[in-house]
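Residue strings, one per chain:
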Amino acid sequence: GNESQPTSSRPAKTRIALGCLLVVLVCIAGTYFGLGELRSRSRAASCPNDVWHVYVALKYYAESHDGAVPPISKIRGNLMIEPAGFYPEYLDNSCWVQCEWSSARRPPSVAHKNDDLGVDAFNDDSFCYLPWAIRSEEEGLAFIEAYKTLDLETRDEDLVVTIDGEQRVLPRIKLTREALLEYGGHWKVPILIEWPGLNHRGGTVYYVGGRADVLTLGRGFPMTDAVISGLRAIASLDHPVPE
């Protein structure tokens with residue numbers, strides 16, 4: 001009889017090759033999107049780590065200054081630590097005041113992300129600094145109004161604000177045991193606030209007691225719409241603030 005002709009194996013090989021290619025593409029896509037998610041998480045986690053270095057330096061400074069933290073910048077609108085007397089004496093590398101995702105952190109002239117950026121890094125591009133004990137939205141809004149006309153020569157003193165027609169004193173923050181007890185819920189007194197919306201809707205808040213929380217904008221003081229909008233407004237007095 002007639003012998004049957006062997007069927008060609010080319011279609012089968014083609015299917016196998018296409019299948020392998022598909023698997024490779026899926027793996028590449030998965031890796032790409034996985035890396036993207038990892039990058040996003042890394043960027044979101046970088047600012048808390050950076051701000052932690054700043055907070056530790058604030059504690060060292062306070063130990064040498066009767067518990068008092070450094071004054072705010074002498075430049076109106078710069079809601080950042082005054083570098084004179086703080087850097088490099090207590091914060092030995094200014095890169096920490098710029099979160100890792102900041103464009104200032106890795107300019108072309110900087111070979112490594114942790115290279116020192118100098119005094120110019122002390123701006124509020126990444127987060128803002130509040131050296132007065134501000135414990136609520138109403139005190140936050142009162143601070144914002146008072147800061148607009150604050151005599152910056154007196155920025156080392158307690159701040160007098162007006163709330164509902166009455167004067168109230170916002171004390172300069174001290175990182176002593178006695179002061180923290182006086183603040184009561186000292187974890188409610190923010191000292192360093194990451195601007196929300198840069199990597200995620202919320203931002204990291206460091207409190208005077210050393211606690212850190214990531215708060216979603218609109219979910220409680222100091223991450224309320226009114227306070228953050230007010231802080232952005234006064235921070236933009238010297239330069240635009242990132243939205």
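This text goes with the structure placed above it.
Note that the structure is predicted; figures quoted are calculated from it, not measured.

**Q** How should I be thinking about the packing of helix α2 (residues 137–148) against helix α4 (residues 225–235) in this particular structure?
**A** Where α2 contacts α4, the axes come no closer than 9 Å and their chain directions differ by 15°. For the element pair α2 / α4, the angle class is roughly parallel. Crossing of α2 over α4 shows left-handed handedness. On the side of α2, the interface is formed by Glu137, Leu141, Phe143, Ile144, Tyr147 and Lys148, while α4 contributes Ala226, Val227, Gly230, Leu231 and Ile234.

**Q** What am I meant to see in the packing of aromatic side chains here?
**A** For any two aromatic rings, the description comes down to two numbers: the centre-to-centre distance and the angle of the planes. Enumeration over the complete set of coordinates arrives at 7 aromatic pairs. Ring geometry for Tyr61 against Phe86: centres 6.1 Å apart, planes inclined by 65°, an arrangement best described as edge-to-face. Here the residue Tyr61 occupies a position in helix α1 (residues 10–63), and Phe86 occupies one in the loop between α1 and β1 (127–129), the gap between them amounting to 25 residues. The same class applies to Tyr61 and to Phe86, which are both buried. Between Tyr61 and Tyr90, the aromatic rings sit 5.3 Å apart at their centres with planes inclined by 70°, giving edge-to-face as the arrangement.

**Q** Could you clarify how one ought to interpret the pairing of strand β4 (residues 190–194) in this entry?
**A** A regular strand places its side chains so that they alternate between the two faces of the sheet. Counting buried positions along β4 yields 5 of 5 residues, so the element is predominantly enclosed. The pairing of β1 with β4 spans 3 bridges and is antiparallel. Bridging across to β4, Phe127 finds its partner in Glu194. Inspection of the sheet shows β4 paired to strand β5 (residues 202–207) by 3 bridges, in the antiparallel sense. The residue bridging Leu192 from the neighbouring strand is Tyr206, located in β5.

**Q** In this structure, what is going on with the pattern of salt bridges? I would like to understand it.
**A** Pairs can form between side chains of opposite charge once their charged atoms are near each other. Scanning all chains against the criterion turns up 6 salt bridges. For the salt bridge of Glu82 with Arg155, the shortest nitrogen-to-oxygen distance reads 3.9 Å. Pair noted here: Glu82 is in the loop between α1 and β1 and Arg155 is in the loop between α2 and β2 (159–163), with a separation of 73 residues, a long-range link. One exposure class covers both Glu82 and Arg155, and it is buried. A salt bridge links Glu145 to Lys148, with the shortest nitrogen-to-oxygen separation between them at 3.0 Å. In this pair, Glu145 and Lys148 both sit in helix α2, 3 residues apart, roughly one turn of the helix. Judged by its relative accessible area of 48%, Glu145 is partly exposed. Each member of the salt-bridge network shares a partner with another, and the members are Glu138, Glu139 and Arg168.

**Q** I keep staring at the sheet that holds β5 and nothing clicks. Help me out?
**A** Strand pairing within a sheet occurs via backbone hydrogen bonds; the two strands may be parallel or antiparallel. If you walk across this open sheet you meet the 4 strands as β1-β4-β5-β6, and the pairing is antiparallel. Pairing within the sheet leaves two strands with one partner each, and these edge strands are β1 and β6 (212–216). Averaged over all pairs of adjacent strands, the angle between their axes in this sheet comes to 25°, without regard to strand direction.

**Q** Looking at this structure, I do not really get unusual backbone geometry. What am I missing?
**A** Backbone geometry follows two general trends: most residues other than glycine have a negative phi, and most peptide bonds adopt the trans configuration. Backbone torsion omega between Tyr87 and Pro88 reads 5°, so that peptide bond is classified as cis. Relative to the elements of secondary structure, Pro88 occurs in the loop between α1 and β1. Along the chain, Phe221 connects to Pro222 via a cis peptide bond; the corresponding omega equals 0°. With respect to the secondary-structure elements, Pro222 resides in the loop between β6 and α4. A positive phi is found at Asp66, a non-glycine position, where the angle reads about 55°.

**Q** Honestly, the side chain of Asn123 in this entry has me stumped. Any pointers?
**A** Tracing the sequence through the fold places Asn123 in the loop between α1 and β1. Residue class for Asn123 comes out buried when judged on its relative accessible area of 15%. A polar contact of 2.8 Å, which involves the side chain of Asn123, links it to the side chain of Gln98. Within the local environment of Asn123, its side chain forms a polar contact with the backbone oxygen of Asp120, the two atoms lying 3.1 Å apart.

Parameters at a glance
Numbers given for residues are sequential positions, taken from 1 along each chain in its written order. Local features in this predicted model are restricted to residues of pLDDT 70 or higher, and side-chain atom pairs are both shown and tallied only at a pLDDT of 80 or more, whereas totals for entire chains, interfaces and linings draw on every residue. Side-chain metrics rest on all non-hydrogen atoms present in the structure, leaving aside hydrogens and water. All axes are obtained by fitting lines to C-alpha atoms, using only the stretch in contact for helices, and the reported angles, taken between N-to-C directions, cover 0 to 180 degrees. Strands here are runs of E lasting at least two residues and helices are runs of H or I lasting at least four, both read from the DSSP assignment and numbered beginning at the N terminus. For classification, angles of less than 35 degrees are called roughly parallel, those exceeding 145 degrees roughly antiparallel, those between 65 and 115 degrees roughly perpendicular, and all remaining angles oblique. Left-handed describes a crossing in which the near helix is turned anticlockwise from the far one by less than a right angle; the clockwise case is right-handed. The contact rule is simple, with two residues in contact once any of their heavy atoms fall within 4.5 Å. By convention, a stacked pair of Phe, Tyr or Trp rings (six-membered ring in the case of Trp) has centres within 6.5 Å and planes under 30 degrees apart, an edge-to-face pair has planes over 60 apart, and any other such pair is tilted. Three labels apply to residues, based on accessible area from a 1.4 Å probe with only protein chains included: buried if under 20% of the type maximum, exposed if over 50%, partly exposed otherwise in between. Pairing between two strands requires that DSSP report at least two bridges joining them. Here, a salt bridge means any side-chain nitrogen of Lys or Arg that lies within 4 Å of a carboxyl oxygen of Asp or Glu. Nitrogen and oxygen atoms within 3.5 Å of one another constitute a polar contact, given that in protein one can donate a hydrogen and the other can accept it, and given that sequence-neighbouring residues count only through two side-chain atoms.

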